[in-house]
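Reading the structure
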Amino acid sequence: VQLQASGGGWVQSGGSLRLSCAASGNPFSAYAVAWFRQAPGMEREFVAAIRRGSVITSNDDSVKGRFTISRDNGKNTAYLQMKNLKPEDTAVYYCAADRTVITSTMRDSRAYNYWGQGTEVTVSS
């Protein structure tokens, strides 16, 4: 499967963005999809994942309640809705997918073999 992430950009603190991850290949519904982010000089961190009926969001309090992952299998697309953005959300956001991910590995970047190119999000204060 090939993934194309989009929707990033510049936004002021408190604003919203919706990232999209368009996938080629079928059946998209069989893939778990996750979003990770990597800020400059930092390690890549898990943001959220969705697998069939399961949705997992980062336990990081800075993300909880503000980011929502969803998917539209008919459009072969997953989304990350981000609201009330903060400067610390500035990062490159990557979507990832794999068919072999299980619930216990949804937060682990090593569980995903397919990655999009990343979309950059910049939040100004």
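Here, residues in each chain are numbered from 1, in the same order as that chain's written sequence. In keeping with the model being predicted, local features are shown solely for residues with a pLDDT of at least 70 and side-chain atom pairs are shown and tallied solely at 80 or more, while totals for entire chains, interfaces and linings include all residues. Values reported for side chains reflect all heavy atoms of the structure, with hydrogen atoms and water molecules removed beforehand.

What follows covers the state of the cysteines. Disulfides are defined as cysteine sulfur pairs within 2.5 Å. Tallying each qualifying case throughout the model produces one disulfide. Paired through a disulfide, cysteine 21 and cysteine 95 show a sulfur-sulfur distance of 2.2 Å. One quick way to see it: the torsion about the S-S bond of cysteine 21 and cysteine 95 is about 70 degrees, and its sign makes the bridge right-handed. Note that cysteine 21 is positioned in strand S3 (residues 17-23) and cysteine 95 in strand S9 (residues 91-98), a separation of 74 residues in sequence. Residue classification places cysteine 21 among the buried positions, given a relative accessible area of 1%. Residue cysteine 95 is classed as buried on the basis of its relative accessible area of 0%. Only runs of H or I of at least four residues qualify as helices and only runs of E of at least two qualify as strands under DSSP, and these elements are numbered from the N terminus. Throughout, exposure labels follow a simple rule: accessible area from a 1.4 Å probe, protein chains only, divided by the maximum for the residue type, with under 20% read as buried, over 50% as exposed, and the rest as partly exposed.

Our next topic: the packing of aromatic side chains. Each aromatic ring pair is described using two quantities: the centre-to-centre distance and the angle formed by the ring planes. Each aromatic pair joins two rings of Phe, Tyr and Trp (for Trp, the six-membered one) with centres within 6.5 Å, and gets the label stacked for planes under 30 degrees apart, edge-to-face for over 60, and tilted for any other angle. Taken as a whole, this structure holds five aromatic pairs when the rule is applied. A centroid spacing of 5.7 Å and a plane angle of 75 degrees characterise the contact between phenylalanine 36 and tyrosine 112, whose relative ring orientation is edge-to-face. A residue pair is termed long-range when its members are at least 10 positions apart, and phenylalanine 36 in strand S4 (residues 32-38) and tyrosine 112 in the loop between S9 and strand S10 (114-115) qualify at 76 residues. Overall, the relative accessible area of 2% leaves phenylalanine 36 in the buried class. Here tyrosine 112 falls in the buried class, since its relative accessible area comes to 3%. Here the aromatic rings of tyrosine 94 and tryptophan 115 are separated by 6.5 Å at their centres, their planes lie at 75 degrees, and the arrangement is edge-to-face.

Glancing now at the sheet that holds strand S8 (residues 77-82). Paired strands, in this sense, are two strands between which DSSP finds at least two bridges. Taking strand neighbours across the sheet as the criterion, the four strands line up as S1-S3-S8-S7 in an open arrangement whose pairing is antiparallel. Because the sheet does not close on itself, it has two edges, and the strands there are strand S1 (3-6) and strand S7 (67-72). Put simply, the sheet's adjacent strands are angled 15 degrees from each other on average, direction ignored. Sheet topology note: the S3/S8 ladder contains six bridges and is antiparallel. Residue pairing for S8: leucine 19 is matched across the bridge by leucine 80. With axes taken as lines fitted to C-alpha atoms, and helix axes fitted only over the stretch in contact, angles between N-to-C directions fall between 0 and 180 degrees.

Moving on, we get to the pairing of S9. A large share of S9 lies buried, amounting to seven of its eight residues. In this structure, S9 lies alongside strand S11 (residues 119-124), joined through three bridges in antiparallel fashion. Looking across to S11, one finds that tyrosine 93 is bridged to threonine 119. Inspection of the sheet shows S9 paired to S10 by two bridges, in the antiparallel sense.

Now for the side chain of serine 20. By the secondary structure assignment, serine 20 is in strand S3. Beyond its immediate sequence surroundings of up to four residues, serine 20 is in contact with Gln4, Ala5, Ser6, Trp35, Thr77, Ala78 and Tyr79. Any two residues whose heavy atoms approach within 4.5 Å at even a single point are treated as in contact.

What follows concerns the pattern of salt bridges. Criterion for a salt bridge: a side-chain nitrogen of Lys or Arg within 4 Å of a carboxyl oxygen of Asp or Glu. For the structure shown, the criterion picks out four salt bridges. Here aspartate 89 ties to arginine 66 by a salt bridge, and the two come within 2.8 Å at their closest N and O atoms. Taken as a pair, aspartate 89 in the loop between S8 and S9 and arginine 66 in the loop between strand S6 (54-57) and S7 lie far apart in primary sequence, 23 residues in all. Of the residues examined, aspartate 89 reaches a relative accessible area of 0% and is grouped as buried.

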